[in-house]
There are 4 protein chains.
Amino acid sequence: MSINSFGHLYRFTTWGESHGPALGATVDGCPPGVPLQEAMIQQWMDKRRPGLNKNTTQRNEPDAVKILSGVFEGKTTGTPIQLMIENTDQRSKDYGDIANTFRPGHADITYHQKYGIRDYRGGGRSSARETAARVAAGGVAREAIKAIAPNVQIKGYMTQMGAKQIDRSRMDWDQIDQNDFFCPDAEAAKEWNDYLAWLRKDDHNSVGAIIEVVARGVPAGIGAPVYGKLDTDLAAAMMSINAVKGVEIGEGMAAAALTGRENADEIFMGNDGQPAYSSNHAGGILGGISTGQDIVVRFAVKPTSSILSPRKSIRMDGTPTEVTTKGRHDPCVGIRAVPVGEAMMACVILDHLLLDRGQTGGVRGKIG
Amino acid sequence: MSINSFGHLYRFTTWGESHGPALGATVDGCPPGVPLQEAMIQQWMDKRRPGLNKNTTQRNEPDAVKILSGVFEGKTTGTPIQLMIENTDQRSKDYGDIANTFRPGHADITYHQKYGIRDYRGGGRSSARETAARVAAGGVAREAIKAIAPNVQIKGYMTQMGAKQIDRSRMDWDQIDQNDFFCPDAEAAKEWNDYLAWLRKDDHNSVGAIIEVVARGVPAGIGAPVYGKLDTDLAAAMMSINAVKGVEIGEGMAAAALTGRENADEIFMGNDGQPAYSSNHAGGILGGISTGQDIVVRFAVKPTSSILSPRKSIRMDGTPTEVTTKGRHDPCVGIRAVPVGEAMMACVILDHLLLDRGQTGGVRGKIG
Amino acid sequence: MSINSFGHLYRFTTWGESHGPALGATVDGCPPGVPLQEAMIQQWMDKRRPGLNKNTTQRNEPDAVKILSGVFEGKTTGTPIQLMIENTDQRSKDYGDIANTFRPGHADITYHQKYGIRDYRGGGRSSARETAARVAAGGVAREAIKAIAPNVQIKGYMTQMGAKQIDRSRMDWDQIDQNDFFCPDAEAAKEWNDYLAWLRKDDHNSVGAIIEVVARGVPAGIGAPVYGKLDTDLAAAMMSINAVKGVEIGEGMAAAALTGRENADEIFMGNDGQPAYSSNHAGGILGGISTGQDIVVRFAVKPTSSILSPRKSIRMDGTPTEVTTKGRHDPCVGIRAVPVGEAMMACVILDHLLLDRGQTGGVRGKIG
Amino acid sequence: MSINSFGHLYRFTTWGESHGPALGATVDGCPPGVPLQEAMIQQWMDKRRPGLNKNTTQRNEPDAVKILSGVFEGKTTGTPIQLMIENTDQRSKDYGDIANTFRPGHADITYHQKYGIRDYRGGGRSSARETAARVAAGGVAREAIKAIAPNVQIKGYMTQMGAKQIDRSRMDWDQIDQNDFFCPDAEAAKEWNDYLAWLRKDDHNSVGAIIEVVARGVPAGIGAPVYGKLDTDLAAAMMSINAVKGVEIGEGMAAAALTGRENADEIFMGNDGQPAYSSNHAGGILGGISTGQDIVVRFAVKPTSSILSPRKSIRMDGTPTEVTTKGRHDPCVGIRAVPVGEAMMACVILDHLLLDRGQTGGVRGKIG
């Protein structure tokens, strides 16, 4: 059923609430013999961590990940890996006043309607804090990928904040970690910085974003048609992230406006004796299977619903009220969605590398 | 693993190739006691059927669905329902010439790379013909939904062909079945008709499209966070359809450009004593759970890759070649994707109605 | 959920009722490139087929299996394989009289209680006819195993009919196919023959049996602890067969009476440089993983509930009645359970060969 | 894939090694609103806990279970429940000497062969310590069952130790908790006590056992044919427990020796207006669905392989050696398997109560 699990062979189950004692991921299916230490995972946790800069929630969590199982003498054993993150900075009082109120744009009302009970503290299970567990699972996946397909590189970045897009002619992967926005365009980053400062301080508002994640060096031939396609799993992976409202592969929604002549990537033999393509409208996936080109997925994150401006809502008793969310919130949750998207990409790629190994034993049809 | 299966409790597995003897869906988990006859399914098959009008492939398939199991004396028994569609019009000769050639934009090359063998006739398993089995499974789902949640209505339509969008001010559900494009805007339909005629006959080209599917009357409270969210499953459902490159829920990718004040739907009590919303940017889903508003999903279909214009490609031996696809193909595969999208929506909605019944027993938190 | 599916990577879903138009298995996860023709599967179907001898139901079904998908030019393509068996000899009239009566020992009453509706003809879905689909799926598995682990041999036989056991000192695999009982002990076979003739003709009774299935040549190291253990999957596989009431691995229930000194198989290095064991109380499985010894599973089949002697029961309206089952039934269903047990063993072994390939890539710890 | 998970809708994943920092169960699918506190689970943990009496390992573990998620203000929320048990008494030094040696009867050698690496301390993942996590998951299941089917009672007991069986005429459920063996026959308990004392102290040996678990008051109609049958899931549940070599439902292996007249339970209407049966050879399950009678499952546990007597084995380098297991071990692991068997029964019953609710909505066919 996998309601709280994701993946076929590399399969993780996340657990925990925003303000419970801890949260984490139970990772099943990591191959044995992979070198793994907490620090290898922590680097990715730190990238997502709140309080890192003024643009993200000031909640101060070390988000220290602990490995409780599945690793022996620095290597994975092939048994389940429990990754636990203790919640240390839980200012529950900040949330007491919304115990009986539904915050617009949040899952408070639907959780209440479905379950008849909810942990209202910080959104409980529906909090984006759940994504910390995904980043941990992704950190393990990255180490396993290194062992199986060392040429794979996974990189995420923001391409749009609000209506402000990057200029792809200025795109530079080296810039991504040089600013607070995982932005590959240094000039756009500066502009976003001023815009976000104004939004937060003066406009008491928030804004959405678009994140792009690329997997480079993925071998051709992984993916499992028809319902476990690589793009199907990537769409599920990204849409399952809090606040995501759209997912695109390659050309994405824009493919609708293209003609067949424009869209189909022509094929030729590359200098390396492998098939190459004239373009990558497909985003590296044909029929749910990788082509060997960059795998490109994009997703849109809606603006943070928790803002300092008053919004109309109702209480559990149905009476009208206004909600002005105090507490600590990101004016643009999209920023911290970047490492989360990278983590989900890593999990999907590893899962399909393992799955393909099981299904085909890695047979590949010869070309040329 | 469910590589060729979809769904949690209402779970179907599709099988079959474009030019094999038959294809179909093995449907598991349909509730017992649902009135079901072949004609109830056939009406949806006919909507997707090729050869219905000049804008879709002239392949002439009756696509007659046969129920081989799971139904007794006109009612479902709760056991697996086998839905078989025999292939009657298989002009394999049309495909002989591409046995050793990879068609650009198609999965020929990736299937070859993954499996080392492929049924090249009409794309074999990667052919959009597989979607006929989905439509059959969706037809069963519609009948089961009637029995469980009779107020649910599911409707799909095209909102864009190429760069040409509908005018939402002219949108009229009654128009949808009045034209060849499942278009809710009569004027747009006329325009599309001329455009597509020119594309096909004069430009020897094809074009993409955007389809929107709405589920109205879905009760609040269904959906299974965190990895079986209603929107997650809808994203997977739509992205798994051939040629789909993007999926949106509610505001979709455009949510990135909105601010929090613009985006969050405000809540009040409706006249029916149920919560109501000032808008539906969320597309009827919050935190993966239905709000009771219309559930709105949108997806982009790339232009048909098989066109009468020559495209550069390679043969299995790596030598360069040009491919001009003969055979019978839709200039806009998006048209026939409409009933497929409706079918997937029906399957996901039924699945979550059943799942919620199992998980919560249908408890609902009181409001007001 | 897999209510009607079995397996992890090699996963089949069976469908169909005893007296519907057809039944079959939808096989997902068979590796590509495996030579497969209907005749390779048919040989196993014939072994299970009714009407082969006077000890099995006289229902005369050719049980001809048709491959509807997943095979191209004599080889599997890695896509789903649909195996269909048409029902040709459906004497429904034989069953009309039990439409409103529950046959003792059958699932008539529980299907009615669970579903509120049932196809009463021949037991519908609960008929042992479903096992024909398993044998077909097992036939495919055997061919795939040949390609991956050619040394594996799978053999099933009856070790007990009623209270009459074979003499293991006379056990001879070559005898198994020389009698009507898949009995490895020629003398026991003779005795069983007379006993069964008397039971059927004079006593109007039926009897149970014990079947043993052995997999020889399975490499050490396959199996997936903790809940996908090789023995766990074998227990589920065999218990899911109609009329099975007990499953044993190696020593089985008798292990309870042993002491630790008697039970633990001692280990030494064999002449082939591989670990060898002084005995095989474990049945070839330790901790859910294969040891390289024979994998030995045993299961008990209860006596046929349909007998010519009157049994007390009730009608749907609760009134008392007596049931004397006419129609055509095996006095010992255990006989035809032999090829079914073999088929399930083949499916489990293949599944774990593929699974291990995916999980570990076939790493093996060196010994010696 | 669920390699380390069990269940359909009520689904738990266990994690952790014998000598790691902690182990536990990630429980998904518990219904919302169930009152749950650690003490409710702890009572069952204590029943399984080591060191309770001289017949079980003297390892002294409090086995205190902590709830880390899924519970708010004393009630389940419908989100994943993390149950963690910290390992406090890890005398790893006791195991250092077997780092390079394979203990006969243990999974040391197969884990090494499969994974190429193993946590040898106390058997690591293959240790029976994993069953503590099952008992925790079972404790949660018991509370959920109370809320859904309050009449259900689940009770396990030992019916045989070594060759010594209980006398069923003296069977008394009230005796079960009055002795160290969960034995329902007071006289047998005395006999077992002396026998086990001798085995341990004088014979330096161990012995097997048979455990029976009964679920009383389970409503008729739950179970999911064909591959999710109630008995199929029970067989998998019990066979997945460490050291189990056989599983029986109702008559079990003995059904083979019965005739149809003896075996089929006759049906009549009970005084309560419900169907009743003349006997329960079926063990409360027909066609994989509950009849409303007691559900009876039995399993055999092999004798502890770790004994103080020397056993022949090999080292990783293939050289011969003798193993005499020091450390703390139960002379009869079957004793502590009783609460584990109860826990697995509780999980399976809850899972099928939820599953049936989802599948059929609890429709029941009327009788009488």
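Residues numbered from 1 in each chain as written. Chains lettered and ligands numbered in written order. Predicted model: local features only at pLDDT ≥ 70, side-chain atom pairs only at ≥ 80, totals over all residues. Heavy atoms only, no water.

Residue and element names in this part refer to chain A. Feature annotation in UniProt assigns "binding site: NADP(+)" (unreviewed entry) to the following positions: Arg48 and Lys54. Taking relative accessible area as the criterion, arginine 48 reaches 2% and is therefore assigned buried. For arginine 48, the contacting residues outside a window of four places in its chain are Asp63, Ala128, Arg129, Thr131, Ala132, Val135, Arg336, Pro339 and Val340. (UniProt positions renumbered as here; feature names shortened; annotations may be inferred. Buried < 20%, exposed > 50% of the residue type's maximum accessible area, 1.4 Å probe, protein only. Contact = heavy atoms within 4.5 Å.)

The next point concerns the pairing of strand β10 (residues 209–216) of chain D. All names here are of chain D. Taken across its eight residues, β10 has seven buried, putting it largely inside the fold. Examined bridge by bridge, strand β8 (residues 153–161) and β10 share eight bridges and lie antiparallel to one another. The residue of β10 that forms the bridge with glutamine 153 is arginine 216. The pairing of β10 with strand β16 (residues 295–301) spans seven bridges and is antiparallel. Counted as the bridge partner of glutamate 212 is arginine 298 from β16. (Helix = DSSP H or I, 4+ residues; strand = E, 2+ residues; numbered from the N terminus. Pairing = 2+ DSSP bridges.)

With that settled, the discussion passes to the relation of the copies chain B and chain A. In screw terms, the move from chain B to chain A is a rotation of 180° and a rise of 0.0 Å along the axis, fitting with an RMSD of 0.0 Å. As the rotation angle and translation indicate, the two copies are arranged about a two-fold axis. Of the interface residues in chain B, 100% have counterparts in chain A that sit at the interface too, so the contact is made through matching surfaces. (Least-squares fit on C-alpha atoms with pLDDT ≥ 70 in both.)

All right, on to the relation of the copies chain C and chain A then. Its rotation angle being 180°, the transformation that places chain C on chain A also includes 0.0 Å of axial translation and leaves an RMSD of 0.0 Å. A symmetric contact is evident, with 100% of the interface residues of chain C recurring at the interface of chain A.

Next up on the list: the sheet that holds strand β3 (residues 22–28) of chain D. Residue and element names in this part refer to chain D. Overall, antiparallel pairing links the five strands, which are arranged β1-β2-β3-β7-β4 in an open sheet. Every other strand in the sheet has two partners, leaving β1 (5–6) and β4 (65–67) as the edge strands with one partner each. Pairing between β4 and strand β7 (residues 81–86): three bridges, direction antiparallel. Following the sheet pairing, isoleucine 67 is matched in β7 by leucine 83.

All names here are of chain B. Structurally, the position occupied by aspartate 233 is in helix α6 (residues 230–239). A distance of 2.9 Å separates a polar atom in the side chain of aspartate 233 from a polar atom in the side chain of histidine 8. With residues near it in sequence (within four places) discarded, aspartate 233 still touches Phe6, His8, Tyr227, Gly228, Val348 and His352. (Polar contact = N/O pair within 3.5 Å; in protein donor to acceptor, adjacent residues only side chain to side chain.)

Moving on, we get to the interface of chain C and chain A. At the junction of the two partners, chain C supplies twelve residues and chain A supplies twelve residues. Interface area for chain C against chain A, summed over the two sides, is near 910 Å², with a carbon-plus-sulfur share of 67%. For the pair chain C and chain A, the interface holds zero salt bridges. Taken together, the connections running from chain C to chain A amount to five residue pairs in polar contact (both at pLDDT 80 or more). A per-class count over the side of chain C that touches chain A returns seven nonpolar, four polar and one charged. (Buried area = accessible area lost by both parts, 1.4 Å probe. Salt bridge = Lys/Arg side-chain N within 4 Å of Asp/Glu carboxyl O. Nonpolar A, V, L, I, M, F, W, Y, C, P; charged D, E, K, R; others polar.)

On to the packing of aromatic side chains, then. If you walk through the whole model with that rule in mind, you get 32 aromatic pairs over all chains. For the pair tyrosine 157 of chain A and tryptophan 173 of chain A, a centre-to-centre distance of 6.3 Å together with 50° between the ring planes defines the contact as tilted. In this pair, tyrosine 157 of chain A sits in strand β8 (residues 153–161) while tryptophan 173 of chain A sits in the loop between β9 (164–165) and α5 (186–201), placing the two residues 16 residues apart along the sequence. Accessibility expressed as a relative area gives 1% for tyrosine 157 of chain A, which makes it buried. Judged by centre distance (5.6 Å) and plane angle (50°), the rings of tyrosine 111 of chain B and tyrosine 115 of chain B are tilted. In this pair, tyrosine 111 of chain B and tyrosine 115 of chain B both sit in helix α3 (residues 108–115), four residues apart, roughly one turn of the helix. Judged by relative accessible area, tyrosine 111 of chain B falls into the buried class, the value being 7%. Tyrosine 115 of chain B gets classed as buried once you look at its relative accessible area, which sits at 4%. Among the aromatic residues, those joined into a ring-pair cluster are Phe6 and Phe12 of chain A together with Tyr227 of chain B. A cation sits over an aromatic face here: lysine 114 of chain C above tyrosine 115 of chain C, 5.6 Å from the ring centre. Taking the ring centre of tryptophan 44 of chain C as reference, the NZ or CZ of arginine 142 of chain C above it sits at 3.7 Å. (Phe/Tyr/Trp six-rings, centres within 6.5 Å; stacked < 30°, edge-to-face > 60°. Lys NZ or Arg CZ within 6 Å of the ring centre and 35° of its normal.)

Within the open sheet, the ten strands sit side by side as β9(C)-β8(C)-β10(C)-β16(C)-β11(C)-β11(D)-β16(D)-β10(D)-β8(D)-β9(D). Their pairing is antiparallel. The sheet terminates laterally at β9 (164–165) of chain C together with β9 (164–165) of chain D, the two strands that pair on one side only. Pairing between β8 of chain D and β9 of chain D: two bridges, direction antiparallel. Bridge pairing links methionine 161 of chain D to lysine 164 of chain D in β9 of chain D. Lying over the sheet, helix α8 (residues 334–360) of chain C contacts β8 (153–161), β10 (209–216) and β16 (295–301) of chain C, oriented at roughly 145° with respect to β8 of chain C. (Axes fitted to C-alpha atoms, helices over the stretch in contact; angles between N-to-C directions.)

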